[in-house]
Amino acid sequence: MNKIIKKIEHKVIVSVQASHGEPFYKKECMAAMMQSAINGGAAGLRVAGAEDISLATSLTDIPIIGITKPDPLPENWKDIVYITPDFQSAKSISNADIIAIDGTSRKRLHENLADLTDKIHNDLNRPVMADISTLEEGLSAALLGADIISTTLSGYTTNTIEKDNGLPDFELLEKLVSSIKLPIILEGRVWSPEDVKKAFELGAYAVVIGSAITRPHLITKRFVNITGE
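Quick notes on the rules
- Residues numbered from 1 in each chain as written.
- Predicted model: local features only at pLDDT ≥ 70, side-chain atom pairs only at ≥ 80, totals over all residues.
- Heavy atoms only, no water.
- Core = buried A, V, L, I, M, F, W, Y, C linked by side-chain atoms within 4.5 Å.
- Buried < 20%, exposed > 50% of the residue type's maximum accessible area, 1.4 Å probe, protein only.
- Helix = DSSP H or I, 4+ residues; strand = E, 2+ residues; numbered from the N terminus.
- Phe/Tyr/Trp six-rings, centres within 6.5 Å; stacked < 30°, edge-to-face > 60°.
- Lys NZ or Arg CZ within 6 Å of the ring centre and 35° of its normal.
- Expected span 1.5 Å × (residues − 1).
- Contact = heavy atoms within 4.5 Å.

Some points on the nonpolar core
- Membership of the largest hydrophobic core comes to 48 residues, with the highest contact counts inside it found for Leu45, Ile120, Ile149, Leu176 and Val207.
- Sort the elements by how many residues they give to this core and helix H2 (residues 27–39) lands first, with six residues.
- Counting 16 residues, the second-largest nonpolar core is a separate cluster that includes Ile8, Met129, Ile148 and Leu153.

Here it is in C-alpha cells:
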C-alpha cells in the first residue's frame, strides 16, 4: 500500500469524470481525456466506476483512485453519503489502486466508517482515501484507519456550503497538515497553477484537479460569466 501512495507524493492527480448527457460521456472521449492528462504529466487519475477504471488501467500504470457515485446525483446530495458509500460499492471498484470513500459525518445507511475501512483493507487489500469536509471529520477518519485524507467535500455538504466560494479550502488543508500525520490531499475548486503551488507550500501531499482540466463546459462557463450575460 505504501508504495502506491508514495508514487503520488508531491504530484498532481487529475480527476477524469463525466456525467450522463455531457459530450465527453463516451468511452473514446474518456480515453482521450485520460491519455491527455497522462501525456501532460499527471501522476495519478481519479476515476468513477469499474468500467472507466478498467479503461484507465488499460492506458497506464500510474495510480488510479477509484470511486463510485450515483449519476445523476440525487437532489439531497449535500446531506447524504454518496461517494463509495458501502463495501459492495468498494468491491465493485477493487480494480482501482486506491479506493476513495465518503469520510464525512453524514448519516450512513450501511457500514460505519471504521468497518468499511477495515473491510477495504482486509478483503480488498487497498489503501483508503477519506473524502472529508471538516477538520473533525479528518481527525475521525484518521483514527478509524484511513490511509489518506482529502479535502474533497469541503463546500459540498450542508454544514460547509459556505466554503463553496470558488477557492480551494486552504484553511482546512493547513489544519489537517498540522494535526494529522498522514498524507493530506487538496481537492476541490483548484483552478490555477498558483493554487497548486500554494497547496504544496502549505504541506499538501498531492493535489487533485478536476474541472479545471477535464470539464470543458465548466471551463468555458467561467470565461463566459465574465461578460455578465
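So, the packing of aromatic side chains
- Overall, the coordinates contain zero aromatic pairs when judged by the stated rule.
- Cation over ring: Arg222 sits above Trp191, and NZ or CZ is 3.8 Å from the ring centre.

Quick word on H2
- The terminal C-alpha atoms of H2, which comprises 13 residues, lie 18 Å apart, in line with the 18 Å expected from a rise of 1.5 Å per residue.
- Looking at the buried side of H2, the elements it contacts are strand E1 (11–15), strand E2 (44–48), helix H3 (50–59), helix H9 (211–214) and helix H10 (216–225).
- Gly41 sits one or two residues past H2 and shows a positive phi near 110 degrees.

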